[in-house]
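Coordinate analysis (summary)
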Amino acid sequence: MTLTKKGMSHLFQSTSKSLSPLASFSASPSHFPPSSPIHHTFSASMMEEDIENAESIISKWDLDSSSVNKVTSLFQNNKDEASEFMKCVKDLRRAMHFLLSQHSDPEKLAVCQRLIQIAMRRLEKELYQVLSGNWDHLGLESVSGQSSSEGSLSNAEDDQAEIRCEEDELMTRDESVLVRQQRRVPGVGGLSDIKSIADCMITSGYTKECVKVYLLMRKSNVDEALHRLGVEHYKASQIQRLNSEALENMVKNWLNAVNLAVKNLFLGEKVMCDYVFSAYERIRELCFSEVVKEAAANLFRFPELVAKNKNLKNDRIFPLMDIYEALVDMWPEIESIFSFESISSVKQQAQSSLLKLGESVRQTLSEFETTIQKDSSKSQVPGGGIHPLNASALIYLSSLADYSSVLSGIIADSLPESSSKLPESYYESPTTSAIDGPSPAVSTRLAWLILVLLCKLDRKAEQYKDVSLSYLFLANNMQFIIEKVCTTRLRVVLGEDWVFKHVKKAKQYATNYETMAWNKVFSSIPSKPFPEEQSPEAAAECFRKFNAAFEESHRKQMSWVVPNRKFRDELKVSIAKKLVPAYQEFYDTFVVGSGTLSGESLEVLVKFGPDDLENYLSDLFHGDSSSGSSSSNSSRGTMSR
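If you look the protein up in an unreviewed UniProt entry, it shows as Exocyst subunit Exo70 family protein from Linum trigynum. Among the UniProt annotations of the protein, the heading Sequence similarities (unreviewed entry) holds the following wording: "Belongs to the EXO70 family."

**Things to note about the overall build of the protein**
Secondary structure assignment for the protein yields 26 helices and zero strands. In the protein, buried positions account for 48% of the 641 residues. Summed over all atoms, the accessible surface of the protein reaches about 30600 Å², with 50% contributed by carbon and sulfur.

**Thoughts on the packing of helix α9 (residues 207-228) against helix α12 (residues 281-307)**
In the contact formed by α9 and α12, the axes pass within 9 Å of each other and the chain directions differ by 30 degrees. Taken together, the axes of α9 and α12 lie roughly parallel to each other. Two packed elements cross with a definite hand, and for α9 against α12 that hand is right-handed. On the side of α9, the interface is formed by Thr207, Val211, Tyr214, Leu215, Arg218, Lys219, Val222, Asp223 and Leu226, while α12 contributes Ile283, Cys287, Glu290, Val291, Val292, Glu294 and Ala295. Its residues placed into classes, the contact of α9 with α12 shows 10 nonpolar, one polar and five charged.

**Some words on the packing of aromatic side chains**
Going through the model one piece at a time under the given rule, you end up with 23 aromatic pairs. Ring centres of tryptophan 254 and phenylalanine 302 lie 5.8 Å apart, and the angle between their planes is 25 degrees; this geometry places the pair in the stacked category. Of the two residues, tryptophan 254 sits in helix α11 (residues 244-276) while phenylalanine 302 sits in helix α12, which places them 48 residues apart along the sequence. Take tryptophan 254 and phenylalanine 302: they sit in the same class, and that class is buried. Aromatic rings pair up to connect Trp518, Phe543, Phe546, Phe550, Tyr583, Phe586, Tyr587, Phe608 and Tyr616 into one cluster. Over the ring of tyrosine 275 we find lysine 195; its NZ or CZ atom is 5.6 Å from the centre of that ring.

**Remarks on the environment of glycine 358**
On the secondary structure map, glycine 358 appears in helix α15 (residues 344-373). Between the C-alpha atoms of glycine 358 and leucine 320, which are 38 residues apart in sequence, the distance is 8.5 Å. When sequence neighbours within four positions are dropped, the list of residues in contact with glycine 358 reads Tyr324 and Ile410.

**Description of the pattern of salt bridges**
Enumeration over the complete set of coordinates arrives at 23 salt bridges. For glutamate 224, the salt bridge goes to arginine 228, with nearest N and O atoms at 3.6 Å. A residue pair is termed a helical-turn pair when its members lie 3 or 4 positions apart in one helix, as glutamate 224 and arginine 228 do in helix α9 at four residues. For glutamate 224, a relative accessible area of 27% gives the class partly exposed. Here lysine 501 and aspartate 497 are joined by a salt bridge, their closest N and O atoms 3.2 Å apart. Taken together, the positions of lysine 501 and aspartate 497, both in helix α21 (residues 496-523) and four residues apart, correspond to about one turn of that helix. Accessibility expressed as a relative area gives 28% for lysine 501, which makes it partly exposed. Using a relative accessible area of 23% as the deciding quantity, one classes aspartate 497 as partly exposed. The network of salt bridges with shared partners includes Lys87, Asp91 and Arg94.

**So, the confidence of the model for the protein**
Per-chain confidence: the protein averages 78 in pLDDT, with 72% of residues scoring 70 or above. The low-confidence segment residues 418-427, where pLDDT is below 50, has 15 contacts with residues more than four positions distant or belonging to other chains. Note that pLDDT drops below 50 for residues 432-436; the model gives that stretch nine contacts with residues more than four away or on any other chain.

**Concerning unusual backbone geometry**
In this structure, phenylalanine 621 is a non-glycine residue whose phi angle is positive, near 70 degrees. By secondary structure assignment, the location of phenylalanine 621 is in the loop between α25 (610-618) and α26 (629-636). Accessibility expressed as a relative area gives 0% for phenylalanine 621, which makes it buried.

**Quick look at the side chain of glutamate 514**
Relative to the helices and strands, glutamate 514 is located in helix α21. Of the residues examined, glutamate 514 reaches a relative accessible area of 6% and is grouped as buried. Reaching out from glutamate 514, the side chain makes a polar contact with the side chain of serine 574 at a distance of 2.6 Å. Apart from the residues lying within four places of it in its own chain, the contact partners of glutamate 514 are Asn519, Phe522, Leu571, Ser574, Ile575 and Lys578.

**Here we look at the nonpolar core**
In terms of nonpolar packing, the biggest core is built from 182 residues, with Tyr214, Phe266, Phe300, Phe338 and Leu400 touching the most fellow members. When residues of this core are assigned to their parent elements, the largest contribution, 15 residues, is made by α11.

**Let's talk about the environment of glutamine 129**
Within the element layout of this structure, glutamine 129 appears in helix α5 (residues 106-144). By relative accessible area, which is 18% here, glutamine 129 ends up buried. For the pair glutamine 129 and serine 73, spaced 56 residues apart in the sequence, the C-alpha separation amounts to 7.6 Å. Ignoring sequence-local partners within four residues, the contact set of glutamine 129 consists of Ser73 and Gln76.

**With respect to the side chain of asparagine 477**
Inspection of the secondary structure puts asparagine 477 in helix α19 (residues 467-486). In this structure, asparagine 477 is in contact with Gly385, Ile386, His387, Asn390 and Leu457, ignoring residues within four places of it in sequence.

**Quick word on the packing of α19 against α21**
Axis angle and axis distance: for two packed helices, these are the angle between their axes and the distance between the axes, and together they describe the pair. Between α19 and α21, the shortest axis-to-axis distance is 8 Å and the interhelical angle comes to 155 degrees. Overall, the two elements α19 and α21 adopt an arrangement that is roughly antiparallel. Seen along the crossing, α19 lies across α21 with a hand that is left-handed. Along its contact with α19, which presents Val467, Ser468, Tyr471, Leu472, Leu474, Ala475, Met478, Gln479, Ile481, Ile482, Val485 and Cys486, the element α21 presents Trp498, Val499, His502, Val503, Lys505, Ala506, Tyr509, Ala510, Asn512, Tyr513, Met516 and Ala517. Partitioning the contact of α19 with α21 into residue classes produces 19 nonpolar, four polar and one charged.

About the criteria used
Residues numbered from 1 in each chain as written. Predicted model: local features only at pLDDT ≥ 70, side-chain atom pairs only at ≥ 80, totals over all residues. Heavy atoms only, no water. UniProt positions renumbered as here; feature names shortened; annotations may be inferred. Helix = DSSP H or I, 4+ residues; strand = E, 2+ residues; numbered from the N terminus. Buried < 20%, exposed > 50% of the residue type's maximum accessible area, 1.4 Å probe, protein only. Areas by Shrake-Rupley, 256 points an atom, 1.4 Å probe, with all protein chains shown as cover. Axes fitted to C-alpha atoms, helices over the stretch in contact; angles between N-to-C directions. Parallel < 35°, antiparallel > 145°, perpendicular 65-115°, else oblique. Left-handed = near helix turned anticlockwise from the far one by under 90°. Contact = heavy atoms within 4.5 Å. Nonpolar A, V, L, I, M, F, W, Y, C, P; charged D, E, K, R; others polar. Phe/Tyr/Trp six-rings, centres within 6.5 Å; stacked < 30°, edge-to-face > 60°. Lys NZ or Arg CZ within 6 Å of the ring centre and 35° of its normal. Salt bridge = Lys/Arg side-chain N within 4 Å of Asp/Glu carboxyl O. pLDDT = per-residue confidence, 0-100. Polar contact = N/O pair within 3.5 Å; in protein donor to acceptor, adjacent residues only side chain to side chain. Core = buried A, V, L, I, M, F, W, Y, C linked by side-chain atoms within 4.5 Å.

Structural data, given as structure tokens:
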């Protein structure tokens, strides 16, 4: 990154108002931190020698000189002379303290002050150049995975960096980050140079000038890094105007950015501040605060703005929980990085976003429950199949189960209010012992939502005029719920006891369906023992009743559907076990055994053989009244004699 001429001019002007948090630090070169007592061997001759040597070195790098050194970097091109330059500044400070303590010639003191001023101007520019020339490597590379072509590592340096990664594993987190920051400055001392310059300027009384340059460059680094990550300056009005799709894309981008920003960018800046200003606690705190405070607050304000968006549908809960999970996962880093009191507002913003996200998730769950309760669709599902409300609700609930660990931190450990007027006998919460992992609050909440759904399906079943079809509808939809629970994480959340209870309910619905749909057929077959001398007329009447009842039930149920293949087969087997053996015995008694019915009356009265019944039953529950016509017609011509 480069600054404009206007920015450069502003950089080297007096900035008494630019850094209000640092106003207490004196910029005057006449104010120095207390120094140690002058050693008794430091003589006037040594002092004069130091001043002369310092003048020759420092004047050489005077920014007002016409030499080539005016545009040459001291620290990048003359490392040995840079070390000598820094030693000269130290010697000058020692000489000034000596002169002040001895009340010596004020002219020599003025010379020292003039040289210190020249040196500080040079160091101010050097600090800017070091940070400006390599700022991308000092932090941005760790965030974006990119670096400028001017500062990219060579292949050999990349290989060496890979080898050093193994060494990083043995270091503490901060040490590892610091080493990575240092390596991003190829061919330059990098952080060591920055620290050396900062120490020299601060101990010389030029704290404001040092901090001004540091903040300008490091804040630019943070802002540019976040910009590359797609982080914008978020405004409430902007977020509220976004539609669902645009907002979800922005959330995805934020999720990608926040982890890198916290664990690399902000952490890197803190480690760098701690290293560069290790001897100055207050400066260290204020510098880090000024560098990242605004950017971090903006980053952590985004979740709160999203939580307040009213344009999202019920499925907005999932991006909200993604954001919530991301913040919770990195909360230890947030607390550690933003531990200074001066930057506590950033941590408070992150905490506020967590609270708002939690409120929004709970509100969305309540809205989902209300959506189920207020569903007013009157159309019947053909053949008693799966209701669309059930299908969509189970997709939603199974997705919620995938977020059970996140929900456990959001949902209060209490049941919903009893104002829903649901029958108490319907409510069966999962037992705690059956739950493997999720909190009881999550299990209870999801069980409650399924209960609300089941009660709504009960009301939907009342729309069917045929009671047996209403029970088939309930059996189908209960079986669908059980299937979804058993094939998703809902099984873990709700527990085996919940599954057992609802499987029992599904079987009861199926039994009720059989009773209502086939009872007339079952009752048309005389009970054993059959009369030994039953008249042909009585036997014929029994067959007439059976034929009529069976044909009616079969014709009516040909359009009914059982989507679950296993459940469909179980239902057919259950009906066949009750019907076929009883009919077989009746058939064998009056058709095969006694010969009560024979001749033309047999052809007219006995329409179904025992084997035919199973063929007719196999046609059922596919939802197509024409699917069994061919098999039915062929069956009628193959009665067993």
